[in-house]
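Residue strings, one per chain:
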Amino acid sequence: SKAIKFCSYGDSIAIQGWATEAEAVISVVDSGPGMSEADCTDLFKPYKRGRNNPTAKEHSSGLGLSIVQRLTKALGGEIVVESHMGVGTTFRVRLAPASAT
């Protein structure tokens, strides 16, 4: 939903997923406005919002990514962001597979 919220008409969004024996990965890649390094640093802090404005002026509580990060960590995984101004942003969630019982 973040990719949709911050991309403009004509920007691309790709959602990919794959799994190996070691991990499962979900990746969201967009060609939106990108974020500064400073915005990426604070992105997962509760109530923190980046400098970019939603394209349709949607409301943001600043909690979404902090919740995703907490849930991901609770499942033993990690979420990372890579972003370049004017190029786009990639979010990648990595999870270890559930152990067989």
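As a reminder, the structure under discussion sits directly above these lines.
## Points about the pairing of strand S3 (residues 78-84)
For step 1, the next point in the chain: Only one face of S3 is covered, namely the face carrying Ile79, Val81 and Ser83; the face carrying Glu78, Val80, Glu82 and His84 is uncovered.
For step 2, the next point in the chain: Across seven bridges, S3 lies against strand S4 (residues 88-95) in antiparallel orientation. The residue of S4 that forms the bridge with His84 is Gly88.
For step 3, the next point in the chain: Taken together, S3 and the strand that follows it, S4, pair antiparallel across an intervening segment of three residues, in which Gly86 is found at a positive phi of about 75°.

## Some thoughts on the sheet that holds strand S2 (residues 24-30)
For step 1, the next point in the chain: Strand order in this open sheet of four strands is S1-S2-S4-S3, and the pairing throughout is antiparallel. Edge positions in the open sheet fall to strand S1 (13-19) and S3, since each of these has one partner strand only. Going across the sheet, the axis of each strand differs from the next one's by a mean of 10°, ignoring polarity.
For step 2, the next point in the chain: As judged from the seven bridges shared by S1 and S2, these two strands associate in the antiparallel manner. The residue bridging Gly17 from the neighbouring strand is Ile26, located in S2.

## A few points about the packing of aromatic side chains
For step 1, the next point in the chain: Per the stated rule, a full pass over the model turns up one aromatic pair.
For step 2, the next point in the chain: Residues Phe44 and Phe91 carry aromatic rings whose centres are separated by 6.5 Å and whose planes lie at 90° to one another, so their mutual orientation is edge-to-face. Placement of the pair is Phe44 in the loop between helix H2 (37-42) and helix H3 (64-74) and Phe91 in strand S4, with a sequence separation of 47 residues. Assigned by exposure class, Phe44 and Phe91 land together as buried.

## Quick word on the pattern of salt bridges
For step 1, the next point in the chain: Summed over all chains, the structure comprises four salt bridges.
For step 2, the next point in the chain: Close ionic contact of Glu82 with Arg92 constitutes a salt bridge, the shortest N to O distance being 3.2 Å. Taken together, the residues Glu82 in strand S3 and Arg92 in strand S4 connect sequence positions ten residues apart.
For step 3, the next point in the chain: Owing to a relative accessible area of 43%, Glu82 belongs among the partly exposed residues under this scheme.
For step 4, the next point in the chain: Overlapping salt bridges, with partners in common, bring together Glu23, Glu78 and Arg94 in one network.

Cut-offs used in this document
Residues numbered from 1 in each chain as written. Predicted model: local features only at pLDDT ≥ 70, side-chain atom pairs only at ≥ 80, totals over all residues. Heavy atoms only, no water. Buried < 20%, exposed > 50% of the residue type's maximum accessible area, 1.4 Å probe, protein only. Helix = DSSP H or I, 4+ residues; strand = E, 2+ residues; numbered from the N terminus. Pairing = 2+ DSSP bridges. Axes fitted to C-alpha atoms, helices over the stretch in contact; angles between N-to-C directions. Phe/Tyr/Trp six-rings, centres within 6.5 Å; stacked < 30°, edge-to-face > 60°. Salt bridge = Lys/Arg side-chain N within 4 Å of Asp/Glu carboxyl O.

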